[in-house]
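Understanding the architecture of this molecule
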Amino acid sequence: MSDSSWTRVPPATGRALVPGLMSSLDPLLRAWLPRQRWFAGKGLPVGEFRLTSATELVPPGGRLGPLGLLHVLIDVTQPGRPADRYQLLLGAHPLLPSALVRAALGPAVGGPYDGLTLYDAPHDPRLAALLLERLRMPGRIGRLRFTTEPHAQFPPGLTPRVSTAEQSNTSVVYGDAFILKLFRRVSPGANPDLELSLALARAGSRRVAEPVAWFEADSADPAGDGEPMTLGVLQRFLPGSTDGWALALASVAEDGDFRAEAAALGRATAEVHASLAAALPVQELGGEALERLAAGMTHRLEETAAEVPAVRPYAAALRAAYDDLAKLGASTGARGTVTAQRIHGDLHLGQALRGPDREWVLIDFEGEPARPLAERRRPAPPVQDVAGMLRSFDYAAHHSGNGAWAARHRDAFCLGYAEVSGADPREQPVLIRAFETDKAVYEARYEARHRPAWLPIPLSALARLATAVPSR
Ligand SMILES: Nc1ncnc2c1ncn2[C@@H]1O[C@H](COP(=O)(O)OP(=O)(O)O)[C@@H](O)[C@H]1O
Ligand SMILES: O=P(O)(O)O[C@H]1O[C@H](CO)[C@@H](O[C@H]2O[C@H](CO)[C@@H](O)[C@H](O)[C@H]2O)[C@H](O)[C@H]1O
């Protein structure tokens, strides 16, 4: 089937295809976009919207027109940050069915776009099904390129439902067999969620949800640097799985013993690290690289203290952890004693799913969404992931004030990790303290921006880390 049966391909700006789209979208997006969890520039005034691409997907042989799926990439300018590019998937309807009213970008009646109401398409099973059909067929449409992993099979007609999980992107589950993650803030370059999941799956790892298909946009516009942008990844869905955060909270609530699960998670994490080290480049970080790492952490602390006043009282003491890291760099010279490799980058209990077979699988290899893509793709010491998980045990325990639960399970996780890697991460105290501090600083900013009621959790960790005995 030729691509042309799927779509009308618009010119680069999309304006000729969808006359009036931008003037209709502008006022709607001003109100709707900042309310979305995945909107990165919260709290800052919105400047301009610039349409960089619009592509309409319509079913083969289906009627052309506004009832297709409109794929849009839009740049948003805000003072004090580089422009962000967002992926929008829009439906348009003359009279929105009641089930879709909550997905409307604005008032659900009297739509401003040619008399049509615009809405967030992943919520519409008909349009989500259309996207799956398109993913089943490798090929291009305008700037969009669809790819299927060789030998991967996924049947047509799976029933879609949009995920209700609180998340940084938007996911659609198809028949409890596959899950499509639609990245919302996109940048040129492979998204590590696709890159690392694919590397792990191709290496035969059982700790990953295998990608079966994905789609990208080329960066033909002047702002792009030539690398394609990953827009969405379809992966195996793990039915009947529960995430580590839910399991940990249940255990905390009854002061339970979760150590076997925590140790198994430590082993799974070390297995993933070993597979990533075997599949992708590894490098030794010399003195200067460690000093740069420490400088980056110090910078993040300063930015956070400027933005989140409650962090300020701890800032001076916390810097000691980074100074120690820089000194470690200075003492190693160019020899390099710290191994860096590709890692998960944002590991926490919510990123680990345990299936009915009781095995852990890690998901969401995207890294911290707030960091630039190039930084997220850089090799880093694997202890960074360990520190992320240690913070997560602390988060879980905080809900009941049960600090002993956190300590027991942090230990169990490290012991499990050591069983596979051959070394207990706590044998690198300077590194682990620096990364744990850096993570808690990240969390303070994350919570201040997204969930202010949770801010006390990273703040209490910062208070503890600030008074921790320096490792010198
Ligand atoms: N392969 C999968 N199988 C089952 N559930 C999944 C799978 N991938 C993700 N999920 C569910 O979707 C949620 C969000 O996924 P995640 O990749 O963390 O998205 P985001 O990056 O947008 O936060 C997870 O917490 C989990 O509940
Ligand atoms: O899963 P995401 O990629 O969206 O990660 C972001 O959101 C997480 C919260 O949903 C946040 O994690 C923090 O809260 C968790 C409990 O909800 C806790 O287990 C983590 O340890 C803590 O960092 C994550 O930092 C953020 O990037």
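Here the structure is a predicted model, which is why all the values come from computation and not from measurement.

Reading the values: the criteria
Residues numbered from 1 in each chain as written. Chains lettered and ligands numbered in written order. Predicted model: local features only at pLDDT ≥ 70, side-chain atom pairs only at ≥ 80, totals over all residues. Heavy atoms only, no water. Helix = DSSP H or I, 4+ residues; strand = E, 2+ residues; numbered from the N terminus. Buried < 20%, exposed > 50% of the residue type's maximum accessible area, 1.4 Å probe, protein only. Contact = heavy atoms within 4.5 Å. Areas by Shrake-Rupley, 256 points an atom, 1.4 Å probe, with all protein chains shown as cover. Near = heavy atom within 4 Å. Polar contact = N/O pair within 3.5 Å; in protein donor to acceptor, adjacent residues only side chain to side chain. Nonpolar A, V, L, I, M, F, W, Y, C, P; charged D, E, K, R; others polar. Pairing = 2+ DSSP bridges. Axes fitted to C-alpha atoms, helices over the stretch in contact; angles between N-to-C directions. Expected span 1.5 Å × (residues − 1). Parallel < 35°, antiparallel > 145°, perpendicular 65-115°, else oblique. Domains from an automatic or database assignment. Buried area = accessible area lost by both parts, 1.4 Å probe. Salt bridge = Lys/Arg side-chain N within 4 Å of Asp/Glu carboxyl O. Phe/Tyr/Trp six-rings, centres within 6.5 Å; stacked < 30°, edge-to-face > 60°. Lys NZ or Arg CZ within 6 Å of the ring centre and 35° of its normal.

Topic: the overall build of the chain
- Counting secondary structure elements, the chain contains twelve helices and 18 strands.
- Taken across its 472 residues, the chain has 54% of its residues classed as buried.
- When contacts within the chain are restricted to residue pairs at least 6 apart in sequence, those whose partners lie at least 24 apart make up 70%.
- Accessible surface, the chain: about 19400 Å² in total, of which carbon and sulfur atoms supply 56%.

Describing the site of ligand 2
- If you check the shell around ligand 2, you find 15 residues, and the closest are Ser168, Asp346, Ser392, Tyr442 and Glu443.
- One nitrogen or oxygen atom from the side chain of Ser168 is found 2.5 Å from an oxygen atom belonging to ligand 2.
- Contact between ligand 2 and Ser392: an oxygen atom at 2.7 Å from a side-chain N or O atom of the residue.
- Relative to its free-state accessible area of 540 Å², ligand 2 is covered by the protein chains to the extent of 93%.
- If you list the elements that add at least two residues to the shell around ligand 2, you get helix H9 (383–398) and helix H11 (429–450).
- Taken together, the residues of the shell around ligand 2 sort by class into six nonpolar, four polar and five charged.

Observations concerning the environment of Arg358
- Tracing the backbone shows Arg358 in the loop between strand E17 (352–354) and strand E18 (360–362).
- For Arg358, a relative accessible area of 54% corresponds to the exposed category.
- Counting along the chain gives 97 residues from Arg358 to Glu261, while the straight-line C-alpha distance between them is 8.6 Å.

Some words on the sheet that holds strand E8 (residues 160–162)
- With antiparallel pairing, the seven strands of this open sheet are ordered in space as E6-E7-E12-E13-E10-E9-E8. Only two strands of the sheet have a single neighbouring strand rather than two, namely strand E6 (139–141) and E8. Strand after strand, the sheet turns through a mean of 20° between neighbouring axes, direction not considered.
- In the packing of helix H3 (residues 192–202) onto the sheet, the strands contacted are strand E10 (178–182), strand E12 (211–217) and strand E13 (229–236), and the crossing angle to E12 comes to about 150°.

Examining helix H5 (residues 259–279)
- Counted at 1.5 Å a residue, the expected span for H5 with its 21 residues is 30 Å, and the 30 Å between its end C-alpha atoms agrees.
- Residues of H5 that are buried: Glu261, Ala262, Ala263, Ala264, Leu265, Gly266, Ala268, Thr269, Ala270, Val272, His273 and Leu276.

Considering the packing of H3 against H5
- With their axes 10 Å apart at the nearest point, H3 and H5 run at an angle of 95° to one another. Between H3 and H5, the angle falls in the class roughly perpendicular. In this structure, H3 uses Leu196, Ala199 and Leu200 to contact H5, whose residues at the interface are Val272, Ser275, Leu276 and Ala279.
- Residues belonging to the contact of H3 with H5 are distributed by class as follows: six nonpolar, one polar and no charged.

Quick look at the domain arrangement of the chain
- Looking at the assigned domains, one finds that the chain contains domain 1 (4–236) and domain 2 (242–467).
- Averaged C-alpha coordinates put domain 1 and domain 2 at centres separated by 31 Å.
- Facing 27 residues of domain 1, the contacting portion of domain 2 comprises 25 residues.
- For the pairing of domain 1 and domain 2, the buried interface totals around 2200 Å² over both sides, and the portion due to carbon and sulfur atoms is 49%.
- Between domain 1 and domain 2 we count nine salt bridges in total.

So, the pairing of strand E9 (residues 170–174)
- The buried count for E9 comes to five of five residues, which makes it a mostly enclosed element.
- Side chains Thr170, Val172 and Tyr174 project from E9 onto one buried face, and the interleaved Ser171 and Val173 project onto a second face that is buried too.
- Taken together, the three bridges between E8 and E9 define a ladder with antiparallel strand orientation. Within the sheet, the bridge partner assigned to Pro160 lies in E9 and is Tyr174.

Focus on the sheet that holds E18
- A sheet is described by the order of its strands in space; here three strands give the open sequence E14-E17-E18, paired in antiparallel fashion. Single-partner strands in this sheet number two, and they are strand E14 (242–243) and E18.
- The pairing of E17 with E18 spans three bridges and is classified as antiparallel. By the bridge assignment for E18, Leu353 is matched with Val361.
- Against the sheet, H5 touches E17 and E18, its axis set at about 45° to E18.

Considerations on the pairing of strand E3 (residues 69–78)
- Within E3, nine of the ten residues are buried, which leaves the element mostly enclosed by the surrounding structure.
- Strand direction decides the pairing type here: E3 and strand E4 (residues 81–93), joined by eight bridges, are antiparallel. When the bridges of E4 are listed, Val72 appears paired with Leu88.
- Hairpin geometry of E3 and E4 is characterised by an intervening segment of two residues between the two adjacent antiparallel strands and by a positive phi of about 85° at Gly80.

Regarding unusual backbone geometry
- The backbone of Asp255 sits at a positive phi, close to 45°, despite the residue not being glycine.
- Structurally, Asp255 can be placed in the loop between helix H4 (244–253) and H5.
- Despite not being glycine, Asp364 has its phi angle at roughly 60°, a positive value.
- By the element assignment, Asp364 lies in the loop between E18 and helix H8 (373–376).

Thoughts on the packing of aromatic side chains
- What the rule picks out here adds up to eleven aromatic pairs.
- With 6.1 Å between their ring centres and 45° between their planes, Phe393 and Trp405 make a pair best called tilted. With a gap of twelve residues between them, Phe393 in helix H9 and Trp405 in helix H10 (residues 403–421) connect regions that are remote in the sequence.
- For Phe393, a relative accessible area of 0% translates into the label buried.
- A relative accessible area of 0% places Trp405 in the buried class.
- Grouped by ring-pair contacts, the aromatic residues Trp32, Trp38, Phe39 and Tyr86 constitute a single cluster.
- Over the ring of Phe146 we find Arg134, and its NZ or CZ is 4.6 Å from the ring centre.

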